[in-house]
Amino acid sequence: MKMAFRPTDCWRWYFDSEYDSLMLEVSSEMLFRSCYPSKMLVPDVFGEFPFSVSDATSYYQFYNSCQLLNLTDSQKIELSINAIVAANFLKPQMPKSWYFSQQPMLYFPKVADVVEVSLQEGAHKVCLMVVEAGENASLCIIAQPSFNAMNKTFVFSEAIKVMNDRLVPVEKNLIVQTSALDNFGLKAIS
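All of these numbers come straight from a predicted model, not from anything done at the bench.

1. Section: the sheet that holds strand 3 (residues 30-37)
Sheet strands associate in pairs through backbone hydrogen bonding, adopting either a parallel or an antiparallel arrangement.
Part 1 of the argument: Taken in spatial order, the four strands line up as 3-2-1-4 in an open sheet, and their pairing is antiparallel. On the outer flanks of this sheet lie strand 3 and strand 4 (48-50), each paired with one strand and no other. On average, adjacent strands in this sheet sit at an angle of 25° to one another, irrespective of strand direction.
Part 2 of the argument: Across five bridges, the pairing between strand 2 (residues 21-27) and strand 3 is antiparallel.

Encoded structure:
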């Protein structure tokens, strides 16, 4: 597996009030803006701090799990960085499992597992990545293009906490419509 985008000790997190977002400075030419607004973030992120060894370990763990997904490399990077933000910097959330059907077998996920849920309406499958595994519920992020459930639109990398009895592991390559995700990618912000 070739990976040209590797964390370094020069990477740093900081909060940008203009964008109302946590940023990851990768280089003087490249910034990554997380998709989570300040109201979802813990108070500790409203400053500047280094991209830690733990962050780098999590990055590789999430990125490696993304190989199950048919995403471009920049989408895998985006999903992995948002997964770190969701796991480490989001305020606690309550489960919102009512969107998804209960499964016949209880699954106990691990961090970075790629899982599927079935929508209550129409039983369509939705792909998620586990960013925080709990005993009864797990914090996940959307690992595919947007989808609608019960008149709500969910978007790529959005965080949602789901009861574990709704999750099913994914163990094969998924066909995700990359054309719907082509507008996602790393962009320098100046």
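So much for the structure itself; the text now carries on.
2. Considerations on the packing of helix 1 (residues 53-65) against helix 2 (residues 73-89)
Part 1 of the argument: The N-to-C vectors of helix 1 and helix 2 enclose an angle of 130°; their axes lie 9 Å apart at closest approach. Between helix 1 and helix 2, the angle is such that the two are oblique. In this structure, the crossing between helix 1 and helix 2 has a hand that is right-handed. Along its contact with helix 1, which presents Asp 55, Ser 58, Tyr 59, Phe 62 and Tyr 63, the element helix 2 presents Asp 73, Lys 76, Ile 77, Ser 80, Ile 81, Ala 83, Ile 84 and Asn 88.
Part 2 of the argument: When the residues that make up the contact of helix 1 with helix 2 are grouped by side-chain class, the tally is seven nonpolar, three polar and three charged.

3. Some thoughts on the confidence of the model for the protein chain
Reading fine detail from the predicted coordinates is not recommended where pLDDT is low.
Part 1 of the argument: Counting all residues, the mean pLDDT for the protein chain is 89, and 88% of those residues have values of 70 or more.
Part 2 of the argument: Every residue in residues 173-185 is under pLDDT 50, and counting partners more than four places away or in other chains gives 31 contacts.

4. Description of the packing of aromatic side chains
A ring pair, where both rings are aromatic, is described by two values, the distance of the centres and the angle of the planes.
Part 1 of the argument: In this structure the tally under the stated criterion is 15 aromatic pairs.
Part 2 of the argument: On the numbers, 5.6 Å between centres and 35° between planes, the contact of Trp 13 with Phe 51 is tilted. Taken together, the residues Trp 13 in strand 1 (residues 12-16) and Phe 51 in the loop between strand 4 and helix 1 connect sequence positions 38 residues apart.
Part 3 of the argument: Classification of Trp 13 as buried rests on a relative accessible area of 0%.
Part 4 of the argument: When the centroid spacing of 5.6 Å and the interplanar angle of 75° are considered together, the rings of Tyr 59 and Tyr 60 count as edge-to-face.
Part 5 of the argument: Taking relative accessible area as the criterion, Tyr 59 reaches 0% and is therefore assigned buried.

5. Focus on helix 2
Owing to its 3.6 residues per turn, the α-helix aligns residues three or four sequence positions apart on the same side.
Part 1 of the argument: The terminal C-alpha atoms of helix 2 lie 24 Å apart, and with 17 residues this matches the ideal 24 Å at 1.5 Å per residue to within 8%.
Part 2 of the argument: Buried residues dominate helix 2, accounting for 13 of its 17 residues.

6. Some remarks on the pattern of salt bridges
Part 1 of the argument: Within this structure, the stated rule accounts for five salt bridges.
Part 2 of the argument: Ionic pairing is found between Lys 110 and Asp 113, a salt bridge with its closest N-O pair at 3.8 Å.
Part 3 of the argument: What emerges from the salt-bridge pattern is a single network uniting Arg 12, Glu 25 and Glu 48.

7. A few points about the sheet that holds strand 11 (residues 168-169)
Part 1 of the argument: The five strands are arranged 10-7-6-5-11 in an open sheet whose pairing can be described as antiparallel. Only two strands of the sheet have a single neighbouring strand rather than two, namely strand 10 (159-163) and strand 11.
Part 2 of the argument: Here strand 6 (residues 125-132) pairs with strand 7 (residues 137-142) via four bridges, running antiparallel. Among the inter-strand pairings, Met 129 is bridged to a residue of strand 7, identified as Ile 141.

Rules behind the numbers
Residues numbered from 1 in each chain as written. Predicted model: local features only at pLDDT ≥ 70, side-chain atom pairs only at ≥ 80, totals over all residues. Heavy atoms only, no water. Pairing = 2+ DSSP bridges. Helix = DSSP H or I, 4+ residues; strand = E, 2+ residues; numbered from the N terminus. Axes fitted to C-alpha atoms, helices over the stretch in contact; angles between N-to-C directions. Parallel < 35°, antiparallel > 145°, perpendicular 65-115°, else oblique. Left-handed = near helix turned anticlockwise from the far one by under 90°. Contact = heavy atoms within 4.5 Å. Nonpolar A, V, L, I, M, F, W, Y, C, P; charged D, E, K, R; others polar. pLDDT = per-residue confidence, 0-100. Phe/Tyr/Trp six-rings, centres within 6.5 Å; stacked < 30°, edge-to-face > 60°. Buried < 20%, exposed > 50% of the residue type's maximum accessible area, 1.4 Å probe, protein only. Expected span 1.5 Å × (residues − 1). Salt bridge = Lys/Arg side-chain N within 4 Å of Asp/Glu carboxyl O.

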